[in-house]
Amino acid sequence: MMLTRWSKSFDREHPLPEYPRPQFVRDSYISLNGTWDYVIRKTENMPRYFTAQITVPFSPETELSGVCRMINPDEYLFYQKRFTLPEGFNKGRVFINFGAVDQVATVFLNGSVVGAHKGGYTPFKLELTDFLAEEGMENILVVRVRDFTDTKSYSRGKQKTKRGGVWYTPQSGIWQSVWLESTPEKFLERVKITPDYDNEQVKFEYFGAEDVEVLIYDGEELIADTTDRIVKIPDFKSWSPESPFLYNVVFKACGESIKSYFGMRKFSTGVDKNGIKRLFLNNKPYFHNGLLDQGYYSDGYLTPPTNQAMENDILFVKKAGFNMLRKHIKIEPLLWYHYCDVNGILVWQDMVNGGGNYGLEVSVFPFVGITLDDRNYNNFHRTDKEGRDLYLQELEDTVNHLYNCPCIAMWVPFNEGWGQFDSAKAYDKIKDLDSTRLVDSASGWHDMGKSDVISKHIYFTPIKVKKGNRPYVLSEYGGFSMRINGHTFNKKMFGYKIYNTKDALTKAYSRLFNNTIIPQIKDGLCAAVYTQLTDVEDELNGLMTYDREVVKIDADVIKEINERVKL
């Protein structure tokens, strides 16, 4: 395995210590990241002894966990953490938050079952109040995990038991931050923030509390202090990649003050002055120019070694002149979206796929022009109702979880037919949950006709934009590969076109943009997603190596090209 520069000096006892939810900040916070005890067993029965230690929140398969051991589908992974609450921490209720646990988790406190969660990518919280030891006494927390990876139809993303090519090493267990917080007995659970760009106002919808005072700040200046749920902001400052202005907010409810923020922006489609359907940002045609981003790290896999490593990726994207990232088949920690909010990067958010083993519907049919009906669950190996129901629940959880992130511009429920089903119904469900963003219902192929865009993946054939009744987006293309010796996962190499030198790669990349992408913008191309930001395992088609140590094409060269990728 390859270490990144961040992991070489990170604090194993206090990894990822930053507050993990900048979109809803309580002043109550105890990080449980760090050293936990663990044991792997063939039975679900509670172990008597925990025989080794693991660094949470890194999966046992990763180097940063200190374990480097695969968890098989027939095994149970048990974690144990002892903690004592500081005096005065408990304001009335105590909760534990898990950013993500892959795939099925059951949580115990002091020998009692607290709750359970199914789904490897969505966050969950459980109340500990009734199970806590007396104040000043030690508590024993146990988390039991079962990970089926691709042996069941649960969502697994790009993890595969037999990794290789575009499929990555599976990982298990806790892979995002774990923390405790305390609230009063009655408390503000969450807020839904909806900017209304056209009417110069913002709407707040409260859950768990009725009487909420909201304070809105423009920098240090207080511009609103009200209990109204719709607040006018005349002459507001817009949020965009060019000017990512954020308004800070404080919610006062039930004796607490909770911090958040929002951006005034609008995503829509429309017709430009030449009669071409376009993506619009803030009521103007806007070209989305971005990268496919898998969000994997050479030493932590799905988990970044530090939050600075995540931020580094965003800053590189910004420096290179891109304005968008397509977050591919992964839900990131909330801090990642915060870095996009602050730096002005649009995000196309993929839902995490599942279903049975993928076959001809992915590997052959799209290339010979065959579109399958996703209402027939056999076509895409989606016959398991439990898996379909869980996907729809995760879809709803994902939209609610990320709703308040200004950067989210588009939801992508299905990619290349992976576990696709009822995409038209998924479109409607998303629009019911969130009417403020666009939806790419079936990225790549198997378009059932209900989507906000025409979405194409083109790697092997000439790219030719065809006008239609929806904006035409090139949601994947490129994939140019080059090996950098000493910075690869193994000796294998996957890519769509292979180059041997930096000069050859740079020239090919420049030709692609100058001869194909830029000229077709005037013809109706509305967005382009180049594959990809970084290398991942066998895939060597990143602009950066897997360990982020080598940039294969100089950022200033990419930026000069990107300055011409616009409407």
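Residues numbered from 1 in each chain as written. Predicted model: local features only at pLDDT ≥ 70, side-chain atom pairs only at ≥ 80, totals over all residues. Heavy atoms only, no water.

**Q** Explain the overall build of the protein to me, and be specific about the residues and the numbers.
**A** Within the protein, the regular secondary structure consists of seven helices and 32 strands. Over its C-alpha trace the protein gives a radius of gyration of 23 Å, about what one expects of a compact globule, namely 24 Å for 567 residues. Dimensions of the protein along its principal axes, counting C-alpha atoms only, are 70 × 60 × 50 Å. Residues classed as buried in the protein amount to 62% of the 567 residues present. (Helix = DSSP H or I, 4+ residues; strand = E, 2+ residues; numbered from the N terminus. Rg over C-alpha atoms; globule rule 2.2 N^0.38 Å. Buried < 20%, exposed > 50% of the residue type's maximum accessible area, 1.4 Å probe, protein only.)

**Q** Talk me through helix α5 (residues 423–433); I want residue IDs and the actual numbers.
**A** Every buried residue belonging to α5 is among Ser423, Ala426, Tyr427, Ile430 and Leu433, and all of these are buried. Projected down its long axis, α5 carries its buried residues within an arc of 130°, all on one side. Exposed residues pointing more than 90 degrees away from the buried face of α5 are listed as Lys425 and Asp432. Residues of α5 that are buried in the fold lie against β13 (190–196), α4 (385–402), β26 (408–412) and β27 (438–439). (Arc of directions from axis to C-beta. Contact = heavy atoms within 4.5 Å.)

**Q** Any chance you could break down the sheet that holds strand β17 (residues 230–232) for me, citing the residues and the numbers?
**A** The strands making up a sheet are joined through hydrogen bonds of the backbone, oriented either antiparallel or parallel. Reading across the sheet, the three strands line up as β13-β14-β17 and stay open at both edges, with antiparallel pairing between neighbours. With one partner strand each, in any of the chains shown, β13 and β17 form the two edges of the open sheet. Averaged over all adjacent pairs, the angle separating strand axes in this sheet is 20°, with direction ignored. By the bridge criterion, three bridges tie strand β14 (residues 201–207) to β17 in an arrangement that is antiparallel. Residue glutamine 201 lies in a different strand from β17, and its bridge partner there is lysine 232. (Pairing = 2+ DSSP bridges. Axes fitted to C-alpha atoms, helices over the stretch in contact; angles between N-to-C directions.)

**Q** Before we move on, could you go through the sheet that holds strand β20 (residues 267–271) and cite the residues and values that matter?
**A** Within the open sheet, the three strands sit side by side as β20-β21-β22. Their pairing is antiparallel. Sheet topology places β20 and β22 (284–285) at the edges, where each strand pairs with a single neighbour. With five bridges connecting them, β20 and strand β21 (residues 277–281) associate as antiparallel partners. Opposite threonine 269, over in β21, you have leucine 279 as the bridge partner.

**Q** Pulling in residues and values, what's your account of the side chain of serine 481?
**A** Note that serine 481 resides in strand β30 (residues 480–481). At 3.4 Å, the side chain of serine 481 and the backbone oxygen of glycine 479 are in polar contact. Within the structure, serine 481 has its side chain in polar contact with the backbone oxygen of phenylalanine 494 (distance 3.4 Å). When sequence neighbours within four positions are dropped, the list of residues in contact with serine 481 reads Met493, Phe494, Gly495, Tyr496, Lys497, Ile498, Tyr499, Leu540 and Asn541. (Polar contact = N/O pair within 3.5 Å; in protein donor to acceptor, adjacent residues only side chain to side chain.)

**Q** Just give me the short version of a nonpolar patch on the surface, but keep the residues and values in it.
**A** There is a patch of nonpolar side chains on the surface, built from Leu360, Val364, Phe367, Val368, Ile370 and Phe460 and spanning about 580 Å² of accessible area. Along the polypeptide, phenylalanine 460 turns up in the loop between β28 (454–458) and β29 (472–478). On the basis of relative accessible area, phenylalanine 460 is assigned to the exposed category, the value being 55%. (Patch = residues over 30% accessible without salt bridge, like charges linked within 9 Å, V, L, I, M, F, W, Y side chains within 5 Å. Areas by Shrake-Rupley, 256 points an atom, 1.4 Å probe, with all protein chains shown as cover. Salt bridge = Lys/Arg side-chain N within 4 Å of Asp/Glu carboxyl O.)

**Q** Describe the nonpolar core, naming the residues involved and giving the relevant values.
**A** In this structure, Leu279, Tyr337, Trp348, Tyr477, Tyr509, Tyr530 and Leu543 are the most contacted members of the largest nonpolar core, which totals 104 residues. The element best represented in this core is helix α6 (residues 502–521), accounting for eight residues. (Core = buried A, V, L, I, M, F, W, Y, C linked by side-chain atoms within 4.5 Å.)

**Q** Break down the packing of helix α1 (residues 307–319) against helix α2 (residues 334–343) for me, citing the residues and quoting the values.
**A** Where α1 meets α2, the axes come as close as 9 Å, and the angle between the chain directions of the two elements is 35°. Crossing hand, α1 versus α2: right-handed. For the pair α1 and α2, contact is made by Asn307, Met310, Glu311, Ile314, Leu315 and Lys318 and by Leu335, Trp336, Tyr339, Cys340 and Asn343, respectively. Residue classes in the contact of α1 with α2 are distributed as seven nonpolar, two polar and two charged. (Left-handed = near helix turned anticlockwise from the far one by under 90°. Nonpolar A, V, L, I, M, F, W, Y, C, P; charged D, E, K, R; others polar.)

**Q** Can you tell me about the environment of threonine 161, naming the residues and giving the values?
**A** Examined against the element boundaries, threonine 161 turns out to sit in the loop between β10 (139–146) and β11 (173–174). What makes threonine 161 partly exposed here is its relative accessible area of 40%. Spatially, the C-alpha atom of threonine 161 lies 9.3 Å from that of glutamine 171, the residues being ten residues apart in sequence. Among all residues touching threonine 161, those that are not within four sequence positions of it are Thr149, Asp150, Thr151 and Pro170. A distance of 2.3 Å separates polar atoms of two side chains, one belonging to threonine 161 and the other to aspartate 150.

**Q** Provide a residue-level description of α6, including the pertinent values.
**A** Under the 1.5 Å per step criterion, the end-to-end length of α6 is 27 Å for 20 residues, consistent within 8% with the ideal 28 Å. Looking at the buried side of α6, the elements it contacts are β21, β23 (288–293), β29, β30, β32 (525–531) and α7 (555–562). (Expected span 1.5 Å × (residues − 1).)

**Q** I'd love a proper account of the pairing of strand β8 (residues 112–118), names of residues and values included.
**A** Where strand β7 (residues 104–109) and β8 come together, six bridges link them in antiparallel fashion. Residue pairing in the sheet places threonine 106 in a bridge with alanine 116 of β8. As consecutive antiparallel partners, β7 and β8 are separated by two residues, and within that stretch asparagine 110 has a phi angle of approximately 50°, a positive value.

**Q** Provide a residue-level description of the packing of aromatic side chains, including the pertinent values.
**A** Enumeration according to the criterion identifies 34 aromatic pairs in this entry. With 5.0 Å between their ring centres and 65° between their planes, tyrosine 19 and tyrosine 29 make a pair best called edge-to-face. Here tyrosine 29 lies in the segment before β1 (30–31) and tyrosine 19 lies in the segment before β1, a separation of ten residues in the sequence. Every member of this aromatic cluster is reached through a ring pair, and the members are Phe204, Tyr206, Phe245, Tyr247, Phe251 and Phe262. Seen from the ring of tyrosine 403, arginine 437 lies directly overhead, with NZ or CZ sitting 5.4 Å from the centre. (Phe/Tyr/Trp six-rings, centres within 6.5 Å; stacked < 30°, edge-to-face > 60°. Lys NZ or Arg CZ within 6 Å of the ring centre and 35° of its normal.)

**Q** Explain unusual backbone geometry to me, using residue names and the numbers behind them.
**A** Residue proline 57 follows valine 56 across a cis peptide bond; omega there is 15°. Relative to the helices and strands, proline 57 resides in the loop between β3 (52–56) and β4 (76–83). For the bond running from threonine 531 to glutamine 532, omega is 5°, close enough to zero to count as cis. You can see glutamine 532 is positioned in the loop between β32 and α7.

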